[in-house]
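Examination of the molecular architecture
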There are 2 protein chains.
Amino acid sequence: MTVQQMAQLDATFSALSDGTRRAIVARLADGEATLSDLATPFDMSLTAVSKHLRVLSDAGLVDIEKRGRTRHCRLRGAPIKEAVDWLSKYESFWIDRFDALARHLAKEDSE
Amino acid sequence: MTVQQMAQLDATFSALSDGTRRAIVARLADGEATLSDLATPFDMSLTAVSKHLRVLSDAGLVDIEKRGRTRHCRLRGAPIKEAVDWLSKYESFWIDRFDALARHLAKEDSE
DNA sequence: ACTTTACTCAACCAATTAGTTGACTATAAT
DNA sequence: ATTATAGTCAACTAATTGGTTGAGTAAAGT
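Predicted model only: the values in this text are computed from it and were never measured.

**A few points about the interface of chain B and chain A**
Listed as interface residues are 30 residues of chain B and, on the opposing side, 30 residues of chain A. Around 2900 Å² of area is buried between chain B and chain A when both sides are counted, 75% of it from carbon and sulfur atoms. The largest share of the area that chain B buries against chain A comes from Arg22(B), Lys81(B) and Trp94(B), three residues that together contribute 23% of it. For Arg22(B), the salt bridge is made with Asp10(A), and the minimal N-O distance between the two is 2.8 Å. Across the contact surface, chain B and chain A share four residue pairs in polar contact (both at pLDDT 80 or more). When contributions to the side of chain B that touches chain A are tallied by element, the ones reaching two or more residues are helix 1 (3-16), helix 2 (19-29), helix 5 (78-88) and helix 6 (91-94) of chain B. The element that contributes the greatest number of residues to the side of chain B that touches chain A is helix 5 of chain B, accounting for nine residues. By residue class, the composition of the side of chain B that touches chain A is 18 nonpolar, five polar and seven charged.

**Structural notes on the protein's contact with DNA strand D**
Close contacts around DNA strand D come from 20 residues, with Ser36(A), Ser50(A), Arg69(A), Lys51(B) and His52(B) the closest. Sugar and phosphate atoms constitute 64% of the interface atoms of DNA strand D, taking the interface as everything within 4 Å of the protein. Contact distances for DNA strand D include 3.2 Å between a base nitrogen and a side-chain N or O atom of Thr47(A). Within the residue set of the surface near DNA strand D, elements represented by two or more residues are helix 3 (35-39), helix 4 (46-58) and strand 3 (70-75) of chain A together with helix 4 (46-58) of chain B. Tallied by class, residues from the surface near DNA strand D come to four nonpolar, nine polar and seven charged.

**Quick word on the sheet that holds strand 2 (residues 62-67) of chain B**
All names here are of chain B. Strands sit in the order 1-3-2 across an open sheet of three strands; the sheet is antiparallel. Looking at which strands have only one partner, the edges of the open sheet turn out to be strand 1 (33-34) and strand 2. Each of strand 1, strand 2 and strand 3 (70-75) touches helix 2; the most contacted strand, strand 3, lies at about 85° to it. Its contacts with the sheet place helix 4 against strand 2 and strand 3, and it is angled at close to 120° to strand 2.

Rules of the game
Residues numbered from 1 in each chain as written. Chains lettered and ligands numbered in written order. Predicted model: local features only at pLDDT ≥ 70, side-chain atom pairs only at ≥ 80, totals over all residues. Heavy atoms only, no water. Contact = heavy atoms within 4.5 Å. Buried area = accessible area lost by both parts, 1.4 Å probe. Salt bridge = Lys/Arg side-chain N within 4 Å of Asp/Glu carboxyl O. Polar contact = N/O pair within 3.5 Å; in protein donor to acceptor, adjacent residues only side chain to side chain. Helix = DSSP H or I, 4+ residues; strand = E, 2+ residues; numbered from the N terminus. Nonpolar A, V, L, I, M, F, W, Y, C, P; charged D, E, K, R; others polar. Near = heavy atom within 4 Å. Pairing = 2+ DSSP bridges. Axes fitted to C-alpha atoms, helices over the stretch in contact; angles between N-to-C directions.

Here's what the structure looks like:
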């Protein structure tokens, strides 16, 4: 694993360690959105959301395109894939718990 | 998604955002190890490694058992699975086209 | 009994993070 | 031409992070 790959994983996991940013990722999975669109649901300043978006952009998770006075954001999958690939190496530690957890989550969902 | 599940994801991704901690996870995937074992490869104090281990332990990724004067550490899979589950929701963004098509066809076949 | 080993704990430091506000720029609408 | 919208930028704050050192404790080896 190269230094750059390490730095990419650092950035990806770090970007995803914040709930606001994960919510932004979830929102962008439904399609492109502007910064203002993304900021609306959050009880924080536009500047704060802009900073979160910058973290996601720096980590390569989000692509920001300037279009007139709006910034249009798209989700980029490559870094997520790298994170999943890393986690998959330790699959044997969690795969056998699949059924138990699935039942647990299904139960919580129904509550 | 509950507040606790959010906090767990925060903790898991945050714990994994540091290369030293990922290396510890990788080492523990090969089997149980003591704190001193884990600290050996790193160019930092035992205290520093102890702190990293505490972060992993707080996030539930590692189980620490006191045995005499040594601490024995084991990898726990559940939080990793939760992280993978979260990331999997955005699978369509990172899976390569070939795999995505294969999956799509497999799904159609089974229907 | 003494020493070494395997740690923990507290205090400190520098850098980073997540948020704020106020001032600014650029674009679009009226 | 004026005004409203979308966003940036700089400065500030409080909390957290990743590291250090030095002192202390508890268990094991000699």
